[in-house]
Amino acid sequence: VRTAAVIPAAGRGVRLGPGTPKALRTLGGTPMLVHAVRAMAASRAVTHIVVVAPPDGPDEVRRLLDAHPLADRTELTVVPGGTTRQESVRLGLAALPDGIDVVLVHDAARPLVPVETVDAVIAAVRGGAPAVVPALPLADTVKQVEPRPQGTPEPVVGTPERALLRAVQTPQGFDLPTLRKAHEVVVEGEGATDDAGLVERLGEGVVLVPGHEEAFKVTRPLDLVLAEAVLARRRA
Ligand code: C5P
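Note that the coordinates shown come from a computational prediction; the quantities given were computed from them, not determined experimentally. Throughout, a residue's number is its position along its own chain's written sequence, starting from 1. Two thresholds apply to this predicted model, a pLDDT of at least 70 for residue-level local features and 80 or more for giving and counting side-chain atom pairs, whereas whole-chain, interface and lining totals are computed over all residues.

Visitor: An account of the overall build of the protein is needed here, citing residue identities and associated values.
Guide: Only runs of H or I of at least four residues qualify as helices and only runs of E of at least two qualify as strands under DSSP, and these elements are numbered from the N terminus. Along its length, the protein carries 7 helices and 12 strands. What the globule rule says is 2.2 Å times the number of residues to the power 0.38, and the radius of gyration is computed from C-alpha atoms. Computed over C-alpha atoms, the radius of gyration of the protein comes to 18 Å, within 12% of the 18 Å expected from 2.2 N^0.38 for 236 residues, which places it in the range of a compact globule. Counting only C-alpha atoms, the protein reaches 55 × 40 × 35 Å along its principal axes. Considering the protein as a whole, with its 236 residues, one finds that 38% of them fall into the buried category. Buried residues are those with 20 or more other C-beta atoms within 10 Å of their own C-beta, exposed residues have 12 or fewer, and partly exposed residues lie in between; C-beta atoms are placed from the backbone.

See below:
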């Protein structure tokens, strides 16, 4: 079984505030994307990584990654991405070499996922699950609302039972033919915010394995503070 990882890194990261594209922001002096690539390469199972770069920046990303070489066993390809995450992942899948059976899709915005989580996802796919997602229980209660423009109070429609909810992370792992089919069949704009959501729409089973606190997504400025603290603790 050969395993590859696709890392969508084409987002602008507007919620982090103004500045460089999110994946190129540094954590502990190293670009977030380099951390994410290393996190996938840390798994001995991963032989190939496709990084999906901003549409106008594949050369810059290639240079950046060349400046931070990986262990010899991991091959790296860089391709330009699209305007949505779904399109970026589809372009990444199209760039995979022949002979890959299992693919991970990992957000560049989750630079600190531990290798144990990566390996647990791979093991579950190799064990026969077509789609595997790392997930954690929620700390916050979640409300469903009737959306209103910002600044207007939003009416609450319902409160799903928290014990039945999970927050999902990446890397999400797939049997490659299943994920390819999901990306062919599910139309863009149907609101899937993760790859497993596309597979669910095919009617295929998706299972969860335990996620990790350090696999959090760096989205807002406070997340950068937390990521720096996690890195400092690892280096201590
Ligand atoms: O915006 P969000 O945080 O959900 O993005 C998740 C991941 O998808 C990020 O790593 C981002 O770079 C990537 N992305 C992409 N192409 C887009 C939009 C987002 O590769 N057009």
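Visitor: Account for the site of the ligand, naming residues and giving values.
Guide: The immediate surroundings of the ligand are formed by 18 residues, with Pro8, Ala10, Gly11, Ser88 and Ala108 found nearest. A breakdown of the residues in the shell around the ligand according to their chemical character gives 7 nonpolar, 7 polar and 4 charged. Proximity of a residue to a molecule or strand is defined by its backbone-placed C-beta atom lying within 6 Å of that partner. Only Asp, Glu, Lys and Arg are considered charged, only Ala, Val, Leu, Ile, Met, Phe, Trp, Tyr, Cys and Pro nonpolar, and every remaining residue, Gly among them, polar.

Visitor: Outline the packing of helix 3 (residues 85-94) against helix 5 (residues 176-185), supporting the account with residue identities and numerical values.
Guide: Throughout, an axis means a line fitted to C-alpha atoms (over the contacting stretch in the case of helices), and angles, computed between N-to-C directions, take values from 0 to 180 degrees. The contact between helix 3 and helix 5 brings their axes to 11 Å, and the two run at 135 degrees. Put simply, helix 3 runs oblique to helix 5. Here helix 3 runs over helix 5; the crossing is left-handed. Contacts between helix 3 and helix 5 pair Val89, Arg90 and Leu93 from the former with Leu179, Arg180 and His183 from the latter. In what follows, roughly perpendicular refers to angles from 65 to 115 degrees, roughly parallel to angles under 35, roughly antiparallel to angles over 145, and oblique to any angle outside these ranges. Should the near helix be turned anticlockwise from the far one by less than a right angle, the crossing is termed left-handed; should it be turned clockwise, right-handed. Whether two residues are in contact is decided by their C-beta atoms, placed from the backbone, lying within 7 Å.

Visitor: Summarise the UniProt feature "site: Transition state stabilizer" (unreviewed entry) in the protein; cite the residues concerned and give the values.
Guide: In the numbering used here, UniProt assigns the "site: Transition state stabilizer" (unreviewed entry) feature to Arg15 and Lys22. Considering the arrangement of structural elements, one finds Arg15 in the loop between strand 1 (3-8) and strand 2 (26-27). Beyond its immediate sequence surroundings of up to four residues, Arg15 is in contact with Thr219 and Arg220. Its place among the elements puts Lys22 in the loop between strand 1 and strand 2. In this structure, Lys22 is in contact with Gly11, Arg12, Gly13, Leu16, Met32 and Ala109, ignoring residues within four places of it in sequence. UniProt positions are given in the numbering used here, feature names are shortened, and annotations may be inferred rather than shown by experiment.

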